[in-house]
Amino acid sequence: MHSVDMNSTDYEVKKSNFPEVPLVKLNTLWLQVGGTLCNLQCTHCFISCGPQNHTHEMMTMKDVQQRLLESKTLGVKDYYITGGEVFMNQEIFEILATILEYGPLDVLTNGTLITSEKAARLKEIQNNSSHKLQFRVSMESFDEKLNDRTRGENSFSKATEGITNLNSFGFSPILTVTRNWDEAKDKEMEESFKNFLEALNISDPRIKILPEFLLGQLAVNTRNYFDHEHVTEKCFENYDITNLQCSTSRMATKTGVYVCPILVDNDKAKMGDTIEETLRPFPLAHSACYTCRITGMTCKSD
């Protein structure tokens, strides 16, 4: 079977055979504030983030300000930041405060670096903004051994401490989990994760389950997409293509703007150097698009 990555010639020949998703309106801007640098090295990370991955460097305050100014003129309504791990960025608190001047912000983090002191500072930032600051903490299991098997030794205890610290300062983080079980068990697993959060005294336990994207380390440790796993026009006969998140969002990194957070490790997904250059349809030529279509997945919190 072929790898998910096409060479340049194949991509140019094949992309015309795939449906294109229009950009209906740019409502959401993602910012890869943490780059691909992370304090963890998870065995399923779809962009293979880790302590030595410099594919995308961290965004500086200046980088973020430039993207925010662009976004304001384009009518962006809300913001998400991710990585890598955003709390490795030395300017993270200034970055958070600045983004909140423009709109509500969701922060994706593994939670392991959030001390009580940092949580207190986050609360201060929230108190000084009229826009909502929300956190999504990623874990793999409510079982410590199973979680650490994927995320590394002590990641469970550190993430649990981070969740507790956020909660103690009034934040009720959403727990984000990549599905590693049969989809039919979603309801049962969601209930178990909610019980885990309730045991930590989280006032509003919320779970976001993500499908597995056969990219990065997950592809290395399991398999690549098969040839038949790609979208076709038939996929959208009874499904509105604008339900896909790429019809309303873009992903900005230090080096350019990509169609979505899932594909920042794929050069073909880079649409331009500025946000304005990306305001056009995008061919759904990557097999990851197939995962979004068949699962109805969105990277957003809602």
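Residue positions are counted from 1 within each chain, in the order its sequence is given. Residues qualify for local features only when their pLDDT is at least 70, as the model is predicted, and side-chain atom pairs are given and counted only at 80 or more; totals for whole chains, interfaces and linings, by contrast, use all residues. The side-chain values count all of the structure's non-hydrogen atoms but skip hydrogen atoms and water molecules.

### Looking at the packing of aromatic side chains
The relation between two aromatic rings is expressed through the spacing of the ring centres and the mutual angle of the planes. Selection rule: Stacked, edge-to-face and tilted labels apply to pairs of Phe, Tyr and Trp rings (six-membered ring for Trp) whose centres lie within 6.5 Å, assigned for plane angles under 30 degrees, over 60, and everything in between, in that order. Working definition: helices are DSSP H or I runs of at least four residues, strands are E runs of at least two. Numbering for both runs from the N terminus. Only protein chains enter the accessibility calculation, which uses a 1.4 Å probe. A residue is then buried if its area is under 20% of the maximum for its type, exposed if over 50%, and partly exposed in between.
For the structure on display, the rule yields eight aromatic pairs. Geometrically, the ring pair formed by Phe135 and Phe171 is edge-to-face, given 5.0 Å between the ring centres and 80° between the ring planes. In this pair, Phe135 sits in strand 5 (residues 133–139) while Phe171 sits in the loop between helix 6 (155–168) and strand 6 (174–178), placing the two residues 36 residues apart along the sequence. Of the two residues examined, Phe135 and Phe171, each falls in the buried class.

### Here's the deal with the state of the cysteines
Counted only if it meets this: Any two cysteine sulfur atoms within 2.5 Å of one another count as a disulfide.
In this structure the tally under the stated criterion is zero disulfides. In this structure Cys45 is a free cysteine whose sulfur lies 4.0 Å from that of Cys49, the closest cysteine sulfur available. Free of any disulfide, Cys235 has its nearest cysteine sulfur in Cys289, 11 Å distant. Look at Cys235 and you get buried, because its relative accessible area is 18%.

### A word on the sheet that holds strand 5
In plain terms, the rule: In short, DSSP must find at least two bridges between two strands for them to pair. Residue contacts follow a heavy-atom distance rule, with two residues in contact if any of their heavy atoms lie within 4.5 Å. Fitted lines through C-alpha atoms give the axes, limited to the stretch in contact for helices. The angle between two N-to-C directions lies from 0 to 180 degrees.
With mixed pairing, nine strands are arranged side by side in an open sheet as 7-6-5-4-3-2-8-9-10. Each having just a single partner strand, strand 7 (206–210) and strand 10 (270–272) make up the two edges of the open sheet. Both strand 6 and strand 7 contribute to a ladder of five bridges, which runs parallel. Across the sheet, Ile174 pairs through a bridge with Arg206, a residue of strand 7. Here helix 6 sits on the sheet and contacts strand 5 and strand 6; the angle it forms with strand 5, its principal contact strand, is near 160°.

### Things to note about the packing of helix 2 (residues 61–74) against helix 3 (residues 92–99)
Any two packed helices are characterised by how steeply their axes cross, that is the angle between the axes, and by the distance between the axes. Which entries qualify depends on this criterion: Put simply, angles under 35 degrees are roughly parallel, angles over 145 are roughly antiparallel, angles from 65 to 115 are roughly perpendicular, and the rest are oblique. Helix crossings fall into two classes, left-handed where the near helix is turned counterclockwise from the far one by less than a right angle and right-handed where it is turned clockwise. For this classification, the nonpolar set comprises Ala, Val, Leu, Ile, Met, Phe, Trp, Tyr, Cys and Pro, the charged set comprises Asp, Glu, Lys and Arg, and every other residue, Gly included, is treated as polar.
Orientation of helix 2 relative to helix 3, taken along the N-to-C sense of each, is 10°, at an axis distance of 10 Å. As judged from the angle between their axes, helix 2 and helix 3 are roughly parallel. In this structure, the crossing between helix 2 and helix 3 has a hand that is right-handed. Only Glu94, Ile95, Thr98 and Ile99 of helix 3 make contact with helix 2, whose side of the interface consists of Met61, Val64, Gln65 and Leu68. Tallied by class, the residues present in the contact of helix 2 with helix 3 amount to five nonpolar, two polar and one charged.

### Structural notes on the confidence of the model for the protein chain
So the rule is basically this: The pLDDT value expresses, per residue, how confident the predictor is, ranging between 0 and 100.
The pLDDT averaged across the protein chain works out to 93; a share of 95% of its residues lies at or above 70. Every residue in residues 1–15 scores below 50 in pLDDT, and together they form 26 contacts with partners more than four places removed in sequence or on other chains.

### A few points about the packing of helix 3 against helix 4 (residues 116–127)
Relative to each other, helix 3 and helix 4 sit at 25°, their axes nearing to 10 Å. On the basis of their axis angle, the class for helix 3 and helix 4 is roughly parallel. Here the hand of the crossing between helix 3 and helix 4 comes out right-handed. Side by side, helix 3 and helix 4 meet where Phe93, Glu94, Leu96 and Ala97 of the first sit next to Lys118, Arg121, Leu122 and Ile125 of the second. The class makeup of the residues in the contact of helix 3 with helix 4 is five nonpolar, no polar and three charged.

### Brief notes about the environment of Lys118
The topology assignment puts Lys118 in helix 4. Sequence separation between Lys118 and Gly162 is 44 residues, and the spatial gap between their C-alpha atoms is 9.5 Å. Leaving out residues up to four positions away in the same chain, Lys118 has contacts with Phe87, Phe93 and Leu113.

### Concerning unusual backbone geometry
Both trends apply: most residues other than glycine have a negative phi, and most peptide bonds are in trans. With an omega of 20°, the peptide bond between Gly83 and Gly84 qualifies as cis. With respect to the helices, strands and loops of the structure, Gly84 is situated in the loop between strand 3 (78–81) and helix 3. Positive phi is not limited to glycine here, since Ser48 has a value of about 50°. Locating Ser48 in the fold gives a position in the loop between strand 2 (28–31) and helix 2.

### A closer look at the pattern of salt bridges
What counts, and what does not: Take a side-chain nitrogen of Lys or Arg and a carboxyl oxygen of Asp or Glu: if they are within 4 Å of each other, that pair is a salt bridge.
On inspection of all chains with the given rule, the structure shows 11 salt bridges. Between Glu94 and Arg121 there is a salt bridge whose closest N-O contact spans 3.6 Å. Of the two residues, Glu94 sits in helix 3 while Arg121 sits in helix 4, which places them 27 residues apart along the sequence. When the shortest N-O distance is used, the salt bridge between Asp186 and Arg179 registers 2.7 Å. Each member of the pair Asp186 and Arg179 is classed as buried.

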